[in-house]
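Structural overview
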Amino acid sequence: MNKISLFLENLSLREKILFLVFLALLGIFLGFKSYEGYLKDFFDEIISLDEQELLEKKEQNFILQKDKMKLEKELELLKQSLESYHFKTQIFNVSYENYIAKLEQLTQKYKLKIKDSQSFENEEKYFKKYDLILQIGGEFEPLLEFIQELENSNPPFKLESIELENTHNLNLNLSLKIAFIVYNDTNQNKE
């Protein structure tokens, strides 16, 4: 240590500054060399691990994005089919009273007389099916027009049986069995 202090004391100010600059440069050089030799491998391993994890995460993200797009398409298709089913079933979203009112309207329109009626109800999970047996009196042509309009009416009626009976010359007696479906509102409220 004495030799170093003696050496530094013999140097001029300019030589001391140059010696300090040399030592600083030597320190920087050794720092870079030690980074290249020892620390670079260590940092490369950490970076490569991070890169591998990053690649794995990107792959997982890509797969999840594909799955998300696939599920969104399936959801859209299900929504469209649900809307289609909803539209198709709206025709049955009519009350029992509306069906009866439609029958009365048609009989009045064609000046027919309902002589007798019987109603039967079958309740299912989501709907009620009604069967009506009607005895209607009137002339042939209005009865025929009544049946045709009943087949094409909205709300829809299902004509299960039609029997015509001649009571007098032009007056006929029509026995008609009709079925129609009404949504069951009580199940909709429970769910």
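The structure contained in this document is the topic of the report that follows. (Residues numbered from 1 in each chain as written. Predicted model: local features only at pLDDT ≥ 70, side-chain atom pairs only at ≥ 80, totals over all residues. Heavy atoms only, no water.)

We now examine the side chain of S153. With respect to the helices and strands, S153 occurs in the loop between α4 (140–151) and β3 (158–166). Accessibility expressed as a relative area gives 11% for S153, which makes it buried. A distance of 3.1 Å separates a polar side-chain atom of S153 from the backbone oxygen of L150. (Helix = DSSP H or I, 4+ residues; strand = E, 2+ residues; numbered from the N terminus. Buried < 20%, exposed > 50% of the residue type's maximum accessible area, 1.4 Å probe, protein only. Polar contact = N/O pair within 3.5 Å; in protein donor to acceptor, adjacent residues only side chain to side chain.)

The next point concerns the sheet that holds strand β2 (residues 127–139). Ordered by their spatial adjacency, 4 strands build an open sheet running β1-β2-β4-β3, and the pairing between neighbours is antiparallel. A single partner strand is all that each edge strand has here, and the edge strands are β1 (113–123) and β3. Pairwise comparison of adjacent strand axes, ignoring direction, gives a mean angle of 15° for this sheet. Judged from the 8 bridges that link them, β3 and strand β4 (residues 171–183) form a sheet pairing that is antiparallel. Its bridge partner being in β4, S161 is matched across the sheet by K177. (Pairing = 2+ DSSP bridges. Axes fitted to C-alpha atoms, helices over the stretch in contact; angles between N-to-C directions.)

Given 3.6 residues per turn, any residue in an α-helix points the same way as the ones three and four places further on. In a regular helix each residue adds 1.5 Å, so 12 residues correspond to 16 Å; α4 covers 17 Å between its end C-alpha atoms and thus fits that length. Buried residues of α4: L143, F146, I147 and L150, and no others. In an axial view of α4, the angular spread of the buried residues amounts to 95°, which keeps them on one side of the axis. The inward-facing, buried residues of α4 abut α3 (96–109), β2, β3 and β4. (Expected span 1.5 Å × (residues − 1). Arc of directions from axis to C-beta. Contact = heavy atoms within 4.5 Å.)

Let us now look at unusual backbone geometry. At K111, a residue that is not glycine, the phi angle is positive and equals roughly 55°. Residue placement: K111 occurs in the loop between α3 and β1. Given the relative accessible area of 76%, K111 is considered exposed.

Using the criterion set out here, one finds 6 aromatic pairs in the structure. Taking the centre distance of 5.2 Å and the plane angle of 80° together, the rings of Y99 and F157 count as edge-to-face. Here Y99 is found in helix α3, whereas its partner F157 is found in the loop between α4 and β3, with 58 residues between them in sequence. Here Y99 and F157 have matching classes, each one buried. By relative accessible area, F157 is classed as buried at 8%. One aromatic cluster is present, formed by Y96, Y99, Y130, F157 and F180 through successive ring pairs. (Phe/Tyr/Trp six-rings, centres within 6.5 Å; stacked < 30°, edge-to-face > 60°.)

Axis separation between α3 and α4 bottoms out at 10 Å; the angle between their running directions is 150°. The orientation of α3 with respect to α4, classified from their angle, is roughly antiparallel. In terms of crossing hand, the pair formed by α3 and α4 is right-handed. Contacts from L103, L106, T107 and K109 in α3 reach F146, E149 and L150 in α4. Tallied by class, residues from the contact of α3 with α4 come to 4 nonpolar, 1 polar and 2 charged. (Parallel < 35°, antiparallel > 145°, perpendicular 65-115°, else oblique. Left-handed = near helix turned anticlockwise from the far one by under 90°. Nonpolar A, V, L, I, M, F, W, Y, C, P; charged D, E, K, R; others polar.)

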